[in-house]
Amino acid sequence: MYISRYMIREVLTATPEMSLPEVRSLLNENHFRHLPVVDKHGQLVGMITDRDLRSAFPSSMLTESERLQAYERVEKATVADIMSTECVGLTPESTLDDALLLFNREGVGALPVLDDGRLVGIFSGGDLLAAYKELFGVGEKGSVLLGIEDDGQSNLMTRIVTLLEQHEIPFTRLLRIHDEEHGNRIYLRLNTYKIASVVNLLREAGIYPAL
Amino acid sequence: MRPPPLLTLITDSRFLDHDTGSDHPEIPARLQTILATLQQGDCSPFLSLQGTRPAERQWLMAAHDEGWLFRFEEAVLSGKTFIDHTDNQICYDSYQVATLAAGAGLVAIDLLEQGQAEQVTARDGLMPHEPGTMAKDGQVSRAPWTAQERLAGAAFCLVRPPGHHAERTRPFGFCFFNNCVVAARYWQQHHGRKRIVVFDFDAHHGNGIQSAFEHEADSLYVSIHEHPSFSYPGTGYADEKGFGAGRGSILNLPLSPGAGDEQFLALLHGPVAEKIALWQPDAMIVAAGFDGHKADEMSGLLYSTGLYEKIGQSVRGWSNLHCGGRLLSILEGGYELTVLGESVEAYVQGLLAW
């Protein structure tokens, strides 16, 4: 679950001295929305986003000549002029959960990963989705998620797992969730076509599926 | 009065040799019940049987890596009872039978392209013996079919093992060779029908067909299936449209558990019909699975027998309208023996009703 396993290590970066047109083409060519800004020692000094660039460039509502005039000023500006310097980041010991909570709280799209101030990776919201998708096996070929009512009967987990193992039914995820409002649930990711017979097996043992 | 068009059934008694053991739904009796029902039903004078051939290695490799072919053959010859997963039960004959299943599509396509059907009778309902057309009471009908009528009649491969879960390098869901993809490649590369649509109404998403088509512009996969959050194989989400050149080559239409005829028909006459009309195929393959029936435990869908007749009519109509009547159906799933025969018969009635 450590971010060092999931982060992108080869990070495209900008320098504070880069011109705005230069950094804009860097972002566009690579289809990124965020670029960490580093100094010559690889230390993070800021973040620049496509949103920052869009505010810096002349409005598409201006006339051609108005735009050309404004553009002359923009051409001379550098990354240092518009980057954000107060950045939140992760460390290589951060976990996926740390990343998720940070994304949720800060509303940013990508997080730099810093080792003692030095940029060692980047991790975006998209990377987080991919990591959790893999963790939960969503869309994993040949698998289905089955929900089971957890009505508090004793040894429920043991009984479920024993039944599955006795009948050699492969499963790849097991999740128990307490939810007072909607009812407690156990989720199984079954790796077989035999869903109906698994449901029957559980029902016969007094264990009931739930959606 | 002009007789209705002929439907050619491609099948073979050797399909019964694929043994999946004692506790598996994909059993030889499936084919036996389908053929018995068709033989005894009203459609029988309009059906003609044709045997199959093993798919040539070249065409298996148009859909699969050679490494998979080697691995599969080695597994059966060394006496293994399953391959990769216990779902994929095999016996000594399974590799050979799977090549015959994949070959059925090739035989059918050759017939459709030639515009003729060899006519054979089946004494025991399964094995072709002498020329003639199969009739309910054993009488031989002498109605002469024109080449146009034979072409218009289309072909239906009654095969096992099924194919639509099989991926390029591995089996899935007791599918070993992807019969629909092999047929599609043959139609594209050997007969030059460049744009092929596969319409799949089996209750389960055909992940293997999607994998084969999702990066190409000239193949289209349209599937109505039980929602992947609740159903094997857990793939086939609606937002999947294909990648790159294949953007727009996938149309997944999942149905929630409990969905029935009404929900299916809304999709069939709506987005499916529209997509096929817009896409303009050169030929159509139907992955015909009957496990969405309400009596079939393999899915939570609740289709009626009558729905299959409507599907048959629709695909017949689309293929006549859009691709010169080039229509190939290939059997996929369907496991409840008490309704499987009548479901397939309803589909056949739909194909013939045009």
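Here the structure is a predicted model, which means the values were calculated and not measured.

Visitor: Help me out: how do you make sense of the overall build of chain A in this one?
Guide: Tallying secondary structure elements over chain A gives 9 helices and 7 strands in all. C-alpha extents for chain A along the principal axes are approximately 80 × 40 × 30 Å. Scored against the burial criterion, the 211 residues of chain A give a buried share of 20%. A fraction of 61% describes how many contacts in chain A between residues 6 or more apart in sequence connect residues 24 or more apart.

Visitor: Looking at this structure, how should I read the overall build of chain B?
Guide: Looking only at helices and strands, one finds 10 helices and 12 strands in chain B. Expressed as a percentage of its 354 residues, the buried residues of chain B come to 56%. A fraction of 78% describes how many contacts in chain B between residues 6 or more apart in sequence connect residues 24 or more apart.

Visitor: How should the environment of His34(A) be read in this particular structure?
Guide: Residue and element names in this part refer to chain A. By the secondary structure assignment, His34 is in strand β1 (residues 34-38). Taking the number of C-beta atoms within 10 Å as the measure of exposure, His34 has 20 and is therefore buried. Beyond its immediate sequence surroundings of up to four residues, His34 is in contact with Met47, Thr49, Gly109 and Ala110.

Visitor: I tried to follow the interface of chain A and chain B on my own but got confused; where do I start?
Guide: Quoted interface sizes are often the accessible area lost when the parts come together. Across the contact, 12 residues belong to chain A and 15 residues belong to chain B. Only β5 (144-149) and α9 (195-204) of chain A provide two or more residues apiece to the side of chain A that touches chain B. Classifying every residue of the side of chain A that touches chain B by side-chain character gives 5 nonpolar, 4 polar and 3 charged.

Visitor: Even after reading the chapter, I still don't get the sheet that holds strand β7 (residues 185-190) of chain A, so can you show me in this structure?
Guide: Pairing between the strands of a sheet is mediated by backbone hydrogen bonds and can be parallel or antiparallel. Residue and element names in this part refer to chain A. The strand order across the open sheet built from 3 strands is β5-β7-β6, with neighbouring strands paired in antiparallel fashion. Here the strands that pair on one side only, and so sit at the sheet edges, are β5 and β6 (171-177). Pairs of neighbouring strands in the sheet enclose a mean axial angle of 20 degrees, with direction left out of account. One ladder, built from 6 bridges, connects β5 with β7; its direction is antiparallel. Paired with Glu149 across the strands is Arg185, a residue of β7. Contacts between α9 and the sheet are confined to β5 and β7, with β5 contributing the most and set at about 15 degrees to the helix.

Visitor: Teacher, can you tell me more about the pairing of strand β2 (residues 44-49) of chain A here?
Guide: Along any regular strand the residues' side chains alternate between the sheet's two faces. All names here are of chain A. Bridge count between β1 and β2: 5 bridges; the pairing is antiparallel. Paired with Leu35 across the strands is Ile48, a residue of β2. Between β1 and the antiparallel strand that follows it, β2, lie 5 residues; Gly42 among them carries a positive phi value of about 80 degrees.

Visitor: Looking at this structure, how should I read unusual backbone geometry?
Guide: As a rule of thumb, non-glycine residues mostly have phi less than zero, and peptide bonds are mostly trans rather than cis. Cis geometry marks the peptide bond from Arg160(B) to Pro161(B), where omega comes out at 0 degrees. Pro233(B) follows Tyr232(B) through a cis peptide bond whose omega is 0 degrees. For Pro233(B), the position within the fold is in the loop between β9 (219-226) and β10 (250-255). Residue Asp116(A) is not a glycine yet carries a positive backbone phi of 55 degrees. The residue Gln280(B) is not glycine, and still its phi comes out positive at about 55 degrees. For Gln280(B), the location among the structural elements is in the loop between α8 (261-279) and β11 (283-288).

Visitor: What is the right way to look at the nonpolar core in this model?
Guide: Taken as a class, soluble globular proteins show a tendency for nonpolar side chains to be buried jointly. Residue and element names in this part refer to chain B. Core analysis: the largest hydrophobic core is formed by 105 residues, its most contacted members being Ala183 and Ile285. Of the residues forming this core, the biggest block, 13 residues, is contributed by helix α4 (residues 94-114). Residues in contact with Ala183, not counting those within four places in the same chain, are Gly105, Leu106, Ile109, Ile285, Leu328 and Ile330.

How each quantity is defined
- Residues numbered from 1 in each chain as written.
- Chains lettered and ligands numbered in written order.
- Predicted model: local features only at pLDDT ≥ 70, side-chain atom pairs only at ≥ 80, totals over all residues.
- Helix = DSSP H or I, 4+ residues; strand = E, 2+ residues; numbered from the N terminus.
- Buried ≥ 20, exposed ≤ 12 C-beta atoms within 10 Å, placed from the backbone.
- Contact = placed C-beta atoms within 7 Å.
- Nonpolar A, V, L, I, M, F, W, Y, C, P; charged D, E, K, R; others polar.
- Pairing = 2+ DSSP bridges.
- Axes fitted to C-alpha atoms, helices over the stretch in contact; angles between N-to-C directions.
- Core = buried A, V, L, I, M, F, W, Y, C linked by C-beta atoms within 7 Å.

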